[in-house]
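These are the residues of each chain, in order.
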Amino acid sequence: METDQQKGERLARLFEGMTEQARDEFTARQLAATDRQHIQFRDAFRQGICYLCDERLDHFQERKPCVHWLLRPLGFRKKHLPAMTAAFGMMQTQSWLRWVASEGAFARNITDTAEENGYVVQITIRYDVYQWSISCGKSDFAGHGNQNFPHYHLQMWIDGRPFISYGDFHIRLHSDEVAALTAIQATGGMVKSKFPHGESFEDLVASTTAEWVIDAPVGEGDHANAPFNISTVMIAKPGTTMSGDDLYAMFTKARASKVTIASLAREFPDAVTESVVSPGPGVVEPAVRTPLRRTSKGQAD
């Protein structure tokens, strides 16, 4: 009998054998289906309804698990999480939470640090007073210690206080998810998990350039929630000096024209400038997962 991992490897080979046109057509069909589903989600969510169960978002019924429980309707407790995760897989849960986060703000409410940290999945998602994090390390995906099955961990904070911690549950990945994640890894990135309408800050950065950020107009919004931070260093060229009056004039022009100082600094005479674009104060901070403790046999628990 074919295992989930073998199924994933077979799917990877099938995808690798497809022509570029066939891949594009497959992706287009997937995006069209996602677009239709997102419209249903958005219309229902803005009315306070869950499009998956057709109940209000503040409705809780123990015998009817739904992913909207993660908005903690009255009656939902930590002990109810296993019923929800058994009914809804990690990928579907993540997609729904991403869509919720995007209702609050585009991209800056989601950080995806799996690639930089060597994880299979490592995502932090924020909406209103809620913050959720989903983590699946390579050892989690392989199964380790007493949890010798592919699993992930979920953390949930409300108003800055822990409600569910990473270590509370080892949540079993659904069979189709194991196959899909195996296929993604087997293709070396040719197949990727994409979440249209739930893009992360890293997705935004990958689709833009530093120049685009620097040249973007500056709005009147709350700078504490800005998605980008731009640091600019200006050094006078050898044998020259920078005029304080000219610098003040540049700052004044930037404010009046609603452009970044970095965009004007490039034109500053007799100066060499360098600007660095980094995540701004408005981007959700990744929820750090503490190192796994070791059992007496030396295996991660």
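Scroll up to find the structure this text is about.
In this numbering scheme, every chain counts its residues from 1 along its sequence in written order. Two thresholds apply to this predicted model, a pLDDT of at least 70 for residue-level local features and 80 or more for giving and counting side-chain atom pairs, whereas whole-chain, interface and lining totals are computed over all residues. Just so you know, side-chain values use all the structure's heavy atoms and leave hydrogens and water out.

1. Points about helix H7 (residues 175-186)
What counts, and what does not: The way it works is that DSSP assigns letters per residue, a run of H or I at least four long becomes a helix, a run of E at least two long becomes a strand, and they are numbered from the N terminus. Helix span, expected: 1.5 Å multiplied by one less than the number of residues in the helix. When a residue's accessible area, from a 1.4 Å probe over protein chains only, is under 20% of the maximum for its type it is buried; when over 50% it is exposed; and in between it is partly exposed. Note on contacts: a residue pair is in contact if any heavy atoms of the two residues lie within 4.5 Å.
With twelve residues, H7 should cover 16 Å at 1.5 Å per step; its first-to-last C-alpha distance of 17 Å lies within 8% of that length. Along H7, the residues classified as buried are Glu177, Val178, Ala179, Leu181, Thr182, Ala183 and Ile184. Check the buried side of H7 and you find it contacts helix H1 (4-16), helix H4 (90-104), strand E2 (121-127) and helix H6 (138-142).

2. Digging into the environment of His197
Tracing the chain through its elements places His197 in the loop between H7 and helix H8 (201-206). Classification of His197 by relative accessible area gives partly exposed; the value is 30%. It is 9.7 Å that separates the C-alpha atoms of His197 and Ala101, two residues lying 96 residues apart in sequence. Look past the residues within four positions of His197 in its chain and what remains in contact with it is Thr34, Asp35, His38, Arg98, Trp99 and Ser102.

3. So, the side chain of Thr124
Positionally, Thr124 belongs in strand E2. Relative accessible area serves as the criterion here: at 1%, Thr124 is assigned to the buried category. With sequence-adjacent residues up to four places away left out, Thr124 is seen in contact with Asn109, Ile110, Thr111, Gln131, Trp132, Ser133, Val284, Glu285, Pro286 and Ala287.

4. Concerning the side chain of Ser102
Which entries qualify depends on this criterion: Here a polar contact is recorded for every N or O atom pair within 3.5 Å, except that within protein the pair must consist of a potential hydrogen donor and a potential acceptor, and residues adjacent in sequence are included only if both atoms are side-chain atoms.
The topology assignment puts Ser102 in helix H4. Polar contacts involving the side chain of Ser102 include one to the main-chain carbonyl oxygen of His197, which spans 3.0 Å. Residues contacting Ser102, with those up to four places away along its chain left out, are Ile110, His197, Gly198 and Glu199.

5. Examining the pattern of salt bridges
Condition: Counted as salt bridges are all cases of a side-chain nitrogen of Lys or Arg within 4 Å of a carboxyl oxygen of Asp or Glu.
Inspection of the entire model under this criterion finds nine salt bridges. Measuring nitrogen to oxygen at the nearest pair gives 3.4 Å for the salt bridge that ties Asp43 to Arg42. Among the ionic pairs, Glu55 bridges to Lys64, the shortest N-O distance being 3.4 Å. Look at Lys64 and you get partly exposed, because its relative accessible area is 34%.

Read these as spatial facts, not as claims about activity.
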